Amino acid sequence: MPSPHGDSPATNTGPPDQLTELFRAHAGPLVRVAVLLTGDEGLAEEVVQDAFMGLHRRWQRQGPPDSPPAYLRTSVVNGCRSALRRRRLASLVGVEHPIQETSAETAVLLREEHAAVFAAMRDLSRRQREVLVLRFYLDLDDPAIAVTLGVSRGTVSSTISRALAALGARLEGVQ
């Protein structure tokens, strides 16, 4: 039976195929970004899974976004923010969510040469951490970071400048 779009099922290369390719290309890097933002590999995997599910739902209702990778990055950053907000709220009421530090991914990230940087990054504001991860881990330029975070390019530039200065000051005494 043909699809509503006139494609036969055998030739349809719609959302499932394209989403599979997007997942293969972007899931790993997005999980690593989410680990950097949350400090928890299990939570990071859930956030990325939720982002792909959201993309699938959006695709089914409205068609593909202009840039599916940008849509996913924004969803992951927002998902990390929400997860951290829930974790902070849970800690206020006494519910503990221990950060898993025994996974292979986390162990690699916390090698001795990176431990000081990660410790210093934890002291930065959420927005400063986000811009640094998006710039230096995903290698995004200011306009792409601005779109991902929903802020102006000027905010991105000034936040990166302040974040690097703060990070440098924190790391100065470590070396």
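Further up the page is the structure itself.
Model, not experiment: these values are computed from the prediction.

1. Focus on the overall build of the chain
When you go through the chain residue by residue, the secondary structure sums to eight helices and zero strands. Out of the 175 residues in the chain, the part that is buried amounts to 41%. By sequence separation, contacts in the chain at least 24 residues apart represent 62% of the contacts at least 6 residues apart. Carbon and sulfur atoms make up 53% of the accessible area of the chain, which amounts to about 10500 Å² in all.

2. Focus on the pattern of salt bridges
In the structure shown here, the tally under the stated rule is five salt bridges. Measuring nitrogen to oxygen at the nearest pair gives 1.9 Å for the salt bridge that ties Asp 142 to Arg 135. Each of the two residues, Asp 142 as well as Arg 135, counts as buried. A network of salt bridges, in which partner residues are shared, links Arg 81, Arg 126 and Glu 130.

3. Points about helix H2 (residues 41-62)
Look at H2: 31 Å from first C-alpha to last across 22 residues, which is about the 32 Å you get at 1.5 Å a residue. Those residues of H2 that fall on the buried side of the exposure criterion are Glu 41, Leu 43, Ala 44, Val 47, Val 48, Ala 51, Phe 52, Gly 54, Leu 55, Arg 58 and Trp 59. Looking one or two residues beyond H2, the residue adopting positive phi is Gly 63, at roughly 90°.

4. Quick word on the packing of helix H6 (residues 126-136) against helix H7 (residues 142-149)
Running from amino to carboxyl end, H6 crosses H7 at an angle of 135°, the nearest separation of the two axes being 10 Å. Judged by the inter-axis angle, H6 sits oblique to H7. The handedness of the crossing between H6 and H7 is right-handed. Mapping the contact onto sequence places Glu 130, Val 131, Leu 134 and Arg 135 in H6 and Asp 142, Ile 145, Thr 148 and Leu 149 in H7.

5. Thoughts on the nonpolar core
With 43 residues, the main nonpolar core has Val 48, Phe 52, Val 76, Leu 124, Ile 145, Leu 149 and Leu 167 as its most contacted residues. Only helix H1 (15-38), H2, helix H3 (68-92), helix H5 (112-122), H6, H7 and helix H8 (153-172) provide two or more residues apiece to this core. No other element matches the ten residues that H1 contributes to this core. Those residues in contact with Leu 124, other than ones at most four positions away along the chain, are Arg 129, Leu 132, Ala 163, Ala 166, Leu 167 and Arg 170.

6. Focus on the environment of Thr 148
Assignment of secondary structure puts Thr 148 in helix H7. Sequence separation between Thr 148 and Val 77 is 71 residues; the distance between their C-alpha atoms is 7.7 Å. Sequence-distant contacts of Thr 148, that is, excluding residues within four places in its chain, are made with Arg 73, Thr 74, Val 77, Leu 134 and Leu 140.

The rules behind each value
- Residues numbered from 1 in each chain as written.
- Predicted model: local features only at pLDDT ≥ 70, side-chain atom pairs only at ≥ 80, totals over all residues.
- Heavy atoms only, no water.
- Helix = DSSP H or I, 4+ residues; strand = E, 2+ residues; numbered from the N terminus.
- Buried < 20%, exposed > 50% of the residue type's maximum accessible area, 1.4 Å probe, protein only.
- Contact = heavy atoms within 4.5 Å.
- Areas by Shrake-Rupley, 256 points an atom, 1.4 Å probe, with all protein chains shown as cover.
- Salt bridge = Lys/Arg side-chain N within 4 Å of Asp/Glu carboxyl O.
- Expected span 1.5 Å × (residues − 1).
- Axes fitted to C-alpha atoms, helices over the stretch in contact; angles between N-to-C directions.
- Parallel < 35°, antiparallel > 145°, perpendicular 65-115°, else oblique.
- Left-handed = near helix turned anticlockwise from the far one by under 90°.
- Core = buried A, V, L, I, M, F, W, Y, C linked by side-chain atoms within 4.5 Å.

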